[in-house]
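Report on the structure
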2 protein chains.
Amino acid sequence: MTDESVCQCDHIHETEVSNTKKTMLKDDDYIALSTLYKMFADPTRIKLLHALEKSELCVCDLAALLGMTKSAISHQLKALKLSDLVKFRKEGQNVYYSLADDHVKLIIDMGLEHINE
Amino acid sequence: MTDESVCQCDHIHETEVSNTKKTMLKDDDYIALSTLYKMFADPTRIKLLHALEKSELCVCDLAALLGMTKSAISHQLKALKLSDLVKFRKEGQNVYYSLADDHVKLIIDMGLEHINE
DNA sequence: CAAACAGTTGAACAATTATTCAACTATATT
DNA sequence: AATATAGTTGAATAATTGTTCAACTGTTTG
């Protein structure tokens, strides 16, 4: 099956397309990238990340801050944890969450720049 | 209704929470931010953006490059257009798309950095 | 003018996902 | 040991979303 049969096109700019093809990454890389950005693609999660820029907070603090249930927050923190965007430490009954690294702040700031222009 | 009644928590670190609250943005800002990142949160769209880093391409080119139908590509380009991530120019039957500004490349590169560590 | 092609669009369908709810674990307190 | 609280978890539900399909617009060419 040719590319043309998939895209239903006859006249393709072949040199540009083949040049671009060389610069493209593996499919898995794009999936990994989009999976990362999915974490920033939800208001609740981006609030959590932004809140944790300031200081570490426990699940209760975050739930109170966002006005949401502990369960909802815990579910989202789990997703952020799986994407290595937050880390945590346990202390007694509390679990304190914090940002995993500086990229998180940089990515959020980059987005804010785009919004505010 | 108090925050506590929503989050089901009794012992909240009040000073940390109220300090963090001061640094938080308006809800609309978080919605705008997450809406922006939603555009990067899909493999097809991030491929389109990455492809357009190299040179402008028409819908047919992009469809051929990604091995997808013109319709699917057109739908995603519309979303990217609405988020001001791509711009376009018409020439005869063709519509050439290109990146709207440099932020797009920066945001993708930032994500790649996080992946490759 | 008619045929061919590039591109767009809306509806439909399938897949993904955010929150809720209830049940559960684990730690701390009395 | 019993109770209370912090946090997690899995299933269920509702909402969102990506692709397909068919029909459409607009431009070019013979």
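Predicted, not measured: the structure shown is a model, and the values here were computed from it. (Residues numbered from 1 in each chain as written. Chains lettered and ligands numbered in written order. Predicted model: local features only at pLDDT ≥ 70, side-chain atom pairs only at ≥ 80, totals over all residues. Heavy atoms only, no water.)

**Thoughts on the packing of aromatic side chains**
Spelled out, the test is: Two rings from Phe, Tyr or Trp (for Trp, the six-membered ring) form a pair when their centres are within 6.5 Å of each other. A pair whose planes differ by under 30 degrees is stacked, one over 60 is edge-to-face, and the rest are tilted. Per the convention used, a helix needs a DSSP run of H or I reaching at least four residues, while a strand needs a run of E reaching at least two, with both numbered from the N terminus. Relative accessibility thresholds used throughout: buried, under 20% of the residue-type maximum; exposed, over 50%; partly exposed, between the two (1.4 Å probe, protein chains only).
This model, assessed by the stated rule, comprises seven aromatic pairs over all chains. Arranged with centres 6.5 Å apart and planes meeting at 50 degrees, the rings of Tyr37 of chain A and Phe40 of chain A form a pair that is tilted. With 5.9 Å between their ring centres and 5 degrees between their planes, Tyr37 of chain A and Tyr37 of chain B make a pair best called stacked. Of this pair, Tyr37 of chain A sits in helix α3 (residues 27-38) while Tyr37 of chain B sits in helix α3 (residues 27-38), each in a different chain. Like Tyr37 of chain B, Tyr37 of chain A is buried.

**Some words on the interface of chain B and chain A**
Worth spelling out the cut-off: Contact criterion: two residues are considered in contact whenever any of their non-hydrogen atoms come within 4.5 Å of each other. Once two parts are put together, the accessible area they lose, assessed with a 1.4 Å probe and summed over both, is termed the buried area. Any Lys or Arg side-chain nitrogen located within 4 Å of an Asp or Glu carboxyl oxygen qualifies as a salt bridge. The term polar contact refers here to a pair of N or O atoms within 3.5 Å; inside protein, the definition further demands a hydrogen-donor-capable atom paired with an acceptor-capable atom, and it admits residues adjacent in sequence only when both atoms are side-chain atoms.
With 63 residues of chain B in contact, the opposing surface of chain A contributes 63 residues. Buried surface at the junction of chain B and chain A, summed over both partners, amounts to about 5,600 Å²; 71% is from carbon and sulfur atoms. Remark: the boundary between chain B and chain A carries two salt bridges. A salt bridge links Lys47 of chain B to Asp27 of chain A, with the nearest nitrogen and oxygen atoms 3.4 Å apart. Counting the contacts that link chain B with chain A gives 14 residue pairs in polar contact (both at pLDDT 80 or more). Counting only elements with at least two residues in the side of chain B that touches chain A, the list comes to α1 (3-7), α2 (14-23), α3, α4 (43-54), β1 (57-58), α5 (59-66), β3 (94-99) and α7 (103-115) of chain B.

**Quick notes on the nonpolar core**
Worth spelling out the cut-off: Only buried residues count toward a nonpolar core. Its members are Ala, Val, Leu, Ile, Met, Phe, Trp, Tyr and Cys residues joined through side-chain atoms within 4.5 Å.
Ranked by size, the top nonpolar core spans 77 residues in total, and within it Tyr37, Phe40 and Leu49 of chain A together with Tyr37, Phe40 and Leu49 of chain B carry the most contacts. Residues within four places of Phe40 of chain A in sequence aside, it is in contact with Ile46, Leu49, Leu85, Val104, Ile107 and Ile108 of chain A together with Leu33, Ser34 and Tyr37 of chain B.

**A look at the sheet that holds strand β2 (residues 86-91) of chain B**
Residue and element names in this part refer to chain B. Here is the rule: A pair of strands is labelled paired if DSSP reports no fewer than 2 bridges between them. An axis is simply a line fitted to the C-alpha atoms; with a helix, the fit covers only the stretch in contact. Between two such axes, the angle follows the N-to-C directions and lies from 0 to 180 degrees.
Here three strands make up an open sheet; going across it, the order is β1-β3-β2 and the pairing antiparallel. Looking at strand neighbours, the two that pair on one side only are β1 and β2, the edges of this open sheet. Pairing geometry for β2 and β3, over six bridges, is antiparallel. Across the sheet, the residue bridging to Lys87 is Ser98, located in β3. The strands that α4 touches are β1, β2 and β3; relative to β3, the one it contacts most, it runs at about 90 degrees.

**A few points about the sheet that holds strand β2 (residues 86-91) of chain A**
All names here are of chain A. Spatially, three strands are ordered β1-β3-β2 in an open sheet, and the strand pairing comes out antiparallel. Since the sheet does not close on itself, it has two edges, and those belong to β1 (57-58) and β2, each with one partner. Helix α6 (residues 70-82) rests against β2 and β3 (94-99) of the sheet, and its axis sits at about 120 degrees to β2.

**Quick notes on the protein's contact with DNA strand C**
Applicable threshold: Proximity is defined per residue: if any heavy atom of the residue lies within 4 Å of a molecule or strand, that residue is considered near it. Each residue receives one of three labels: charged for Asp, Glu, Lys and Arg, nonpolar for Ala, Val, Leu, Ile, Met, Phe, Trp, Tyr, Cys and Pro, and polar for the others, Gly being one of them.
In the vicinity of DNA strand C, 28 residues are found, and the nearest of them are Ser71 and Gln76 of chain A together with Cys60, Ser71 and Tyr97 of chain B. Among atoms of DNA strand C positioned within 4 Å of the protein, sugar and phosphate together represent 67%. Between His75 of chain B and DNA strand C, the recorded distance is 2.8 Å, taken from a side-chain N or O atom to a base oxygen. Between DNA strand C and the protein, one listed contact pairs a phosphate oxygen with a side-chain N or O atom of Tyr97 of chain B at 2.6 Å. Per-element tally for the surface near DNA strand C: the top contributor is helix α6 (residues 70-82) of chain B, with five residues. For the surface near DNA strand C, the class distribution of residues is eight nonpolar, 14 polar and six charged.

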